[in-house]
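Residue-level structure breakdown
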Amino acid sequence: RNSPGDREQALRVMLQVLQTSEHPAPDMFCLCGRIYKDIFLDSDCKDTVNRDNAIQWYRKGFELQPTLYSGINLAVLLIVAGQQFESSIELRKIGDVKTF
């Protein structure tokens, strides 16, 4: 819908579900990352706190189950945050994952 407050409400619901779930699916972590990424993008890429929140959530999803979706989003956000493939161990690890 993209109505005012939708992202915040979705984030509240997701965080509550994650707190009560014993074995959350990696995609649930990535959905939190997506919400934070959307908030970051809505700020014209100025809200670095939500960019970093998105990175943390995508990282959790990627660590649980490396997928193309979580890996690409994590890598792009790390690059936006200033990391470079040549000097970032994390970016190189993401690039080396063969499960894609």
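Residues numbered from 1 in each chain as written. Predicted model: local features only at pLDDT ≥ 70, side-chain atom pairs only at ≥ 80, totals over all residues. Heavy atoms only, no water.

By the naming in an unreviewed UniProt entry, the protein chain is MAP3K TRAFs-binding domain-containing protein, taken from Ataeniobius toweri.

Side note on the overall build of the protein chain
For clarity, the cut-off: Secondary structure counts use DSSP, requiring at least four H or I residues in a row for a helix and at least two E residues in a row for a strand, with both numbered from the N terminus. Radius of gyration here uses only the C-alpha atoms, and the compact-globule reference equals 2.2 Å multiplied by the residue count raised to the power 0.38. Partly exposed describes any residue whose relative accessible area lies between the buried limit of under 20% and the exposed limit of over 50%, with all areas from a 1.4 Å probe on protein chains only and scaled to the type maximum. By definition in these notes, contact holds between two residues if any of their heavy atoms fall within 4.5 Å. Every accessible area reported is derived by Shrake-Rupley at a probe size of 1.4 Å, with residue values counting cover from the shown protein chains alone. For the charge count, each Lys or Arg is scored as positive and each Asp or Glu as negative, with His and the chain ends excluded. Each charge is placed at NZ for Lys, CZ for Arg, CG for Asp and CD for Glu.
When you go through the protein chain residue by residue, the secondary structure sums to 5 helices and 0 strands. Taking 100 residues into account, the globule formula puts the C-alpha radius of gyration at 13 Å, and the protein chain, at 14 Å, falls close to it. C-alpha extents for the protein chain along the principal axes are approximately 40 × 35 × 20 Å. Across the 100 residues that make up the protein chain, the buried fraction comes to 36%. Within the protein chain, contacts between residues separated by at least 24 positions form 45% of all contacts whose residues are at least 6 apart in sequence. As displayed, the protein chain has an accessible area near 6400 Å², and 54% of this comes from carbon and sulfur atoms. Within the protein chain, one finds 12 positive and 13 negative side-chain charges whose respective centroids are separated by 1 Å.

Focus on the packing of aromatic side chains
The line we're drawing: Centres within 6.5 Å make a pair out of two Phe, Tyr or Trp rings, where for Trp the six-membered ring is used; the pair is then stacked when the planes are under 30 degrees apart, edge-to-face when over 60, and tilted otherwise.
All chains considered together, the criterion is met by 2 aromatic pairs. Judged by centre distance (5.9 Å) and plane angle (65°), the ring pair of Tyr 58 and Tyr 69 falls under edge-to-face. Of this pair, Tyr 58 sits in helix 3 (residues 48-64) while Tyr 69 sits in helix 4 (residues 68-80), placing them 11 residues apart in sequence.

Details of the UniProt feature "domain: MAP3K TRAFs-binding" (unreviewed entry) in the protein chain
Heads up, the rule is: UniProt positions are given in the numbering used here, feature names are shortened, and annotations may be inferred rather than shown by experiment.
If you check UniProt for "domain: MAP3K TRAFs-binding" (unreviewed entry), the listed places come out as residues 1-95 in our numbering. Along residues 1-95 one finds 73% helix and 0% strand; the C-alpha atoms at either end are 34 Å apart.

What to know about a nonpolar patch on the surface
What counts is decided by this rule: Residues enter patches when they are more than 30% accessible in relative terms and free of salt bridges; like-charged ones are connected within 9 Å and nonpolar ones (Val, Leu, Ile, Met, Phe, Trp, Tyr) within 5 Å. For this document, the term salt bridge refers to a Lys or Arg side-chain nitrogen within 4 Å of an Asp or Glu carboxyl oxygen.
On the surface, a nonpolar cluster with roughly 340 Å² of combined accessible area is contributed by Leu 68, Ile 72, Val 76 and Val 80. Considering the arrangement of structural elements, one finds Val 76 in helix 4.

Concerning the pattern of salt bridges
Proximity of charged atoms lets side chains of opposite charge pair with each other. Here the structure, examined in full by the defined rule, presents 5 salt bridges. Notably, a salt bridge pairs Asp 38 with Arg 7, separated by 3.7 Å at the nearest N-O pair. With Asp 38 in helix 2 (residues 26-42) and Arg 7 in helix 1 (residues 6-20), this pair connects stretches of sequence that are 31 residues apart. In this structure, Asp 42 and Arg 7 form a salt bridge, with 2.5 Å as the shortest nitrogen-oxygen distance. In this pair, Asp 42 sits in helix 2 while Arg 7 sits in helix 1, placing the two residues 35 residues apart along the sequence.

A short note on the packing of helix 2 against helix 3
Two packed helices can be described by the angle between their axes and the distance between those axes. What counts here: Fitting a line to C-alpha atoms yields each axis, with helices limited to the stretch in contact; the angle taken between N-to-C directions then spans 0 to 180 degrees. By the definition adopted for this analysis, an angle is roughly parallel if under 35 degrees, roughly antiparallel if over 145, roughly perpendicular if from 65 to 115, and oblique otherwise. For any helix crossing, the convention is left-handed if the near helix is rotated counterclockwise from the far helix by under a right angle, and right-handed if that rotation is clockwise.
Relative to each other, helix 2 and helix 3 sit at 160°, their axes nearing to 7 Å. The pairing of helix 2 with helix 3 is recorded here as roughly antiparallel in orientation. At the point where helix 2 passes helix 3, the crossing takes the left-handed sense. Across the interface between the two elements, Pro 26, Phe 29, Cys 30, Cys 32, Gly 33, Arg 34, Tyr 36, Lys 37, Ile 39 and Phe 40 of helix 2 pack against Asn 50, Arg 51, Asn 53, Ala 54, Trp 57, Tyr 58, Lys 60, Gly 61 and Leu 64 of helix 3.

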